[in-house]
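# Remarks on the overall topology
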Amino acid sequence: MSATPMKIGMYHFARMMTSKSTPAVVTISPGRIHVATADQVLLDAAPGQLQLKFSKLSGTITLLAPAGKVILAGVGSASAAPHSSQQEAEIRAAQQAASQDPQISHIGLSQLLWAGRTTSVDGSYQGGLKSILDGDAGAQKRIGQTVRDAMFAAGVQPA
């Protein structure tokens, strides 16, 4: 994998299946996996120190590190704040560079300009229907699979 870092907007969940998530930027490079919210670094580790669990059903990624686990998803909870303009600018700049790197252009993540978004599921019937029509479940799985592939290419091990 090239030295060009790839970044994507995802959402961090403190616990699986909760209704609270925080926008985060995931940076994937050969020597480092870095996950940060607007005000906190959640993970900064060498890929060899990490194991990845991927849920085929929900598309979530759980990174297992010596210091604990970090749960990520491409679609955040309905109550989540959107990514900040600084986070979006950081992601857009990194994705532009990654899309032009011939060594990583075959990885789907280098072709995604923006992925992280909130779900429409808010506990109401209308929210559930909107979520289905918006394709939240499919997007969640597609984003998770793409990020999983990029992390494996960087050297993260399957759990």
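Here the structure is shown first, and the text comes after it.
Note that the structure is predicted; figures quoted are calculated from it, not measured.

This paragraph deals with the sheet that holds strand S10 (residues 157-158). Read from one edge of the open sheet, eight strands run S4-S3-S2-S1-S7-S6-S5-S10, paired in mixed fashion. Two strands bound the open sheet, and with one partner strand each, they are strand S4 (41-45) and S10. As judged from the eight bridges shared by strand S1 (residues 6-13) and strand S2 (residues 21-29), these two strands associate in the antiparallel manner. The partner of Lys 7 across the bridge, within S2, is Thr 27. Its contacts with the sheet put helix H1 (residues 85-99) on S1, S2 and strand S3 (32-36), and the angle it makes with S1 is roughly 140°.

It is worth spelling out the packing of aromatic side chains at this point. The description of an aromatic ring pair rests on the distance of the ring centres and on the angle between the ring planes. Overall, the coordinates contain zero aromatic pairs when judged by the stated rule. The ring of Phe 54 carries the charged tip of Arg 148 above its face, separated from the ring centre by 4.8 Å.

A few words on the pattern of salt bridges. Enumeration over the complete set of coordinates arrives at four salt bridges. A salt bridge links Glu 90 to Lys 7; the nearest nitrogen and oxygen atoms lie 2.6 Å apart. With a gap of 83 residues between them, Glu 90 in helix H1 and Lys 7 in strand S1 connect regions that are remote in the sequence. Overall, the relative accessible area of 34% leaves Glu 90 in the partly exposed class. Residue Lys 7 is classed as buried on the basis of its relative accessible area, which comes to 15%. Linking Arg 32 and Asp 44 is a salt bridge whose minimum nitrogen-to-oxygen distance equals 3.1 Å. Placement of the pair is Arg 32 in strand S3 and Asp 44 in strand S4, with a sequence separation of twelve residues.

A few words now on the environment of Gln 157. On the secondary structure map, Gln 157 appears in strand S10. Owing to a relative accessible area of 43%, Gln 157 belongs among the partly exposed residues under this scheme. Linking Gln 157 and Gln 51, residues 106 residues apart in sequence, is a C-alpha distance of 4.7 Å. The residues touching Gln 157, leaving out its near neighbours within four places in the chain, are Pro 47, Leu 50, Gln 51, Leu 52 and Phe 152. From its side chain, Gln 157 meets the backbone oxygen of Gly 155 in a polar contact 3.2 Å long.

Okay, the nonpolar core next. Of all hydrophobic cores here, the largest spans 27 residues; its most connected members are Ile 33, Leu 43, Leu 63 and Met 151. Mapped by element, the contributors of at least two residues to this core are S1, S2, S3, S4, strand S5 (51-54), strand S6 (61-65), strand S7 (68-73) and helix H3 (136-154). No other element matches the six residues that H3 contributes to this core. When neighbours within four sequence positions are excluded, Ile 33 is seen to be in contact with Thr 27, Ile 28, Leu 43, Asp 44, Ala 45, Pro 47, Leu 50, Leu 63, Met 151, Ala 154 and Val 156.

For the rest of this paragraph, the subject is H1. Between its first and last C-alpha, H1 extends 21 Å over 15 residues, near the 21 Å set by a 1.5 Å rise per residue. For H1, the set of buried residues is Gln 87, Ile 91, Ala 94, Gln 95 and Ala 98. Considered in projection along H1, the buried side chains sweep an arc of 100° and stay on one side of the axis. H1 presents Ser 85, Gln 86 and Ala 93 as exposed residues on the side facing more than 90 degrees away from its buried surface. Here the buried face of H1 lies against S1, S2 and S3.

Thresholds, definitions, all that
- Residues numbered from 1 in each chain as written.
- Predicted model: local features only at pLDDT ≥ 70, side-chain atom pairs only at ≥ 80, totals over all residues.
- Heavy atoms only, no water.
- Pairing = 2+ DSSP bridges.
- Helix = DSSP H or I, 4+ residues; strand = E, 2+ residues; numbered from the N terminus.
- Contact = heavy atoms within 4.5 Å.
- Axes fitted to C-alpha atoms, helices over the stretch in contact; angles between N-to-C directions.
- Phe/Tyr/Trp six-rings, centres within 6.5 Å; stacked < 30°, edge-to-face > 60°.
- Lys NZ or Arg CZ within 6 Å of the ring centre and 35° of its normal.
- Salt bridge = Lys/Arg side-chain N within 4 Å of Asp/Glu carboxyl O.
- Buried < 20%, exposed > 50% of the residue type's maximum accessible area, 1.4 Å probe, protein only.
- Polar contact = N/O pair within 3.5 Å; in protein donor to acceptor, adjacent residues only side chain to side chain.
- Core = buried A, V, L, I, M, F, W, Y, C linked by side-chain atoms within 4.5 Å.
- Expected span 1.5 Å × (residues − 1).
- Arc of directions from axis to C-beta.

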